[in-house]
Amino acid sequence: MSPSERTWTGPSAPERLNLLRAATSIAIVGASDKPSRASYFVATYLQSSTRYKVYFVNPVVKEILGEPTYTSLADLPESPDIVDVFRKHDDLPGVLDEAIAAGAKTLWLQLGSWHEDVAADAEAAGLNVVMDRCVKIEHARFHGGLHLAGFDTGVISSKRQLLS
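Chemist: Provide a residue-level description of the overall build of the chain, including the pertinent values.
Modeler: Secondary structure summary: the chain contains five helices and seven strands in total. The N-to-C order of helical and strand elements in the chain reads α-β-α-β-β-β-β-α-β-α-β-α. A burial count over the chain gives 45% of its 164 residues as buried. Taking contacts inside the chain between residues at least 6 apart in sequence as the whole, the part at least 24 apart equals 58%.

So, in structure tokens, the structure goes:
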């Protein structure tokens, strides 16, 4: 679906900030142990630069970044606040079903991922939905550490940080 065909409207920047502020745990579905993958980069950032408890969901890999992986959202020790999805388009309805069953609060589809039917079904089930946005980029942007390239610049600023 091209951006011009999109009809669903996601949460505003202040609403996304509130979702990130309220969350204490994030489950990364489709997490990879390969450093070249976007999910690995996001996982590294979340572990090192945030207060979130990060869970990795991957039925094939045994551990990622020194943490155990889970075969599905149903296997997590708690209901995740945010389910951050790195899966192909056709897998998204199944991931939504798992997220609902696991008691997740927010379904977050990564950059390039857009599924209007999944968004409608998720909202009907009471979940917040974010699509086509990166948790790492959004967190860093609100935190004041985002450079144009998407990396922490290390610049020290007197500006108050929005997110811990």
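After that view, the rundown keeps rolling.
Chemist: Pulling in residues and values, what's your account of the sheet that holds strand 3 (residues 63-64)?
Modeler: A sheet is described by the order of its strands in space; here seven strands give the open sequence 3-4-2-1-5-6-7, paired in mixed fashion. If you trace the sheet from one side to the other, it starts and ends with strand 3 and strand 7 (128-130), each paired once. Relative to strand 4 (residues 67-70), strand 3 runs antiparallel, the two sharing two bridges. Each bridged residue has a counterpart across the sheet, and for Ile 64 the counterpart in strand 4 is Glu 67.

The rules behind these values
- Residues numbered from 1 in each chain as written.
- Predicted model: local features only at pLDDT ≥ 70, side-chain atom pairs only at ≥ 80, totals over all residues.
- Heavy atoms only, no water.
- Helix = DSSP H or I, 4+ residues; strand = E, 2+ residues; numbered from the N terminus.
- Buried < 20%, exposed > 50% of the residue type's maximum accessible area, 1.4 Å probe, protein only.
- Contact = heavy atoms within 4.5 Å.
- Pairing = 2+ DSSP bridges.

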